[in-house]
Amino acid sequence: MSLLRIEMLGADVLRQKARAVPAPGPELERLVADMFETMYDAHGIGLAAPQIGRSERLIVVDVKDGDSAPMALLNPVVVEFGEGKDRVEEGCLSIPGVVATVERPASCVVEATDTAGNAVRLEAQGMLSRCLQHEIDHLDGVLFIDRISPIKRKMVLARYRKLAEK
Ligand code: NI
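All values reported here derive from a predicted model rather than from experimental measurement.

Draft legend 1. Inspection of the pairing of strand β3 (residues 71-81) at higher detail. In this structure, strand β2 (residues 58-61) lies alongside β3, joined through four bridges in antiparallel fashion. Each bridged residue has a counterpart across the sheet, and for Val60 the counterpart in β3 is Ala72. Across five bridges, the pairing between β3 and strand β6 (residues 107-113) is antiparallel. Directly across from Val78, in β6, lies its bridge partner Val110.

Given below as C-alpha cells:
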C-alpha cells in the first residue's frame, strides 16, 4: 500500500464531474486500499477519488461511529433525502485547517456498488449520512464551502489562505 497525494483547493480535478467507475478488479482493490491508508493517515473520515487526483466515482468512508463498518462505494448515488435537516461542522482534507457549519438533510438513502461488484443500498443517518453526502458531492465537483452562505465562505477562504501562507 502507499500514501496518495491529496489534491488541495484550487486543483481542477476537485471541480470536475467524475466519470463512472467500471467493474471492480485488482487495480481498483489496490486503489481502495491506498485511499483508506491515505484517509487514515490524514485523520479523515471520508475520501473521494477526485481528492487523490482521479476523476472517478469512488469514495471511501469510515465514520467510526460504532455502527457502520468502513466502506468503499463505487458509483454512489443519493436516491432519497430524509425530510429533516441538521447543521453540523464540516471540514475537508482538501481544504485543511478550516471548518464551517453546513446544513444538510439529516438522513439519506444511497445506492452504490461495493468492491465485490454487488449492488448495495444504505439507509444512513447521523454522521454516516453527512459523510456520504459530503463525499458524493466531491464526485460532482461540489465542496462543502459551496453549501454555506457567501459571507461565511469568504471568511472561511480568508482564514484558509492565511493558514496556507504560514
Ligand atoms: Ni471533502
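Draft legend 2. Examining the coordination of the nickel ion more closely. Protein ligation of the nickel ion involves Cys92 (SG), His134 (NE2) and His138 (NE2), the donor distances falling in the range 2.1 to 2.3 Å. Here the donor residues of the nickel ion are spaced in sequence according to C-x41-H-x3-H. Here His138 lies in helix α2 (residues 126-139) and Cys92 lies in the loop between β4 (85-90) and β5 (100-105), a separation of 46 residues in the sequence. With respect to class, Cys92 is no different from His138; both count as buried.

Cut-offs and rules
Residues numbered from 1 in each chain as written. Predicted model: local features only at pLDDT ≥ 70, side-chain atom pairs only at ≥ 80, totals over all residues. Heavy atoms only, no water. Pairing = 2+ DSSP bridges. Helix = DSSP H or I, 4+ residues; strand = E, 2+ residues; numbered from the N terminus. Donors = N, O, S within 2.8 Å, 3.2 Å for Na, K, Ca; no water. Buried < 20%, exposed > 50% of the residue type's maximum accessible area, 1.4 Å probe, protein only.

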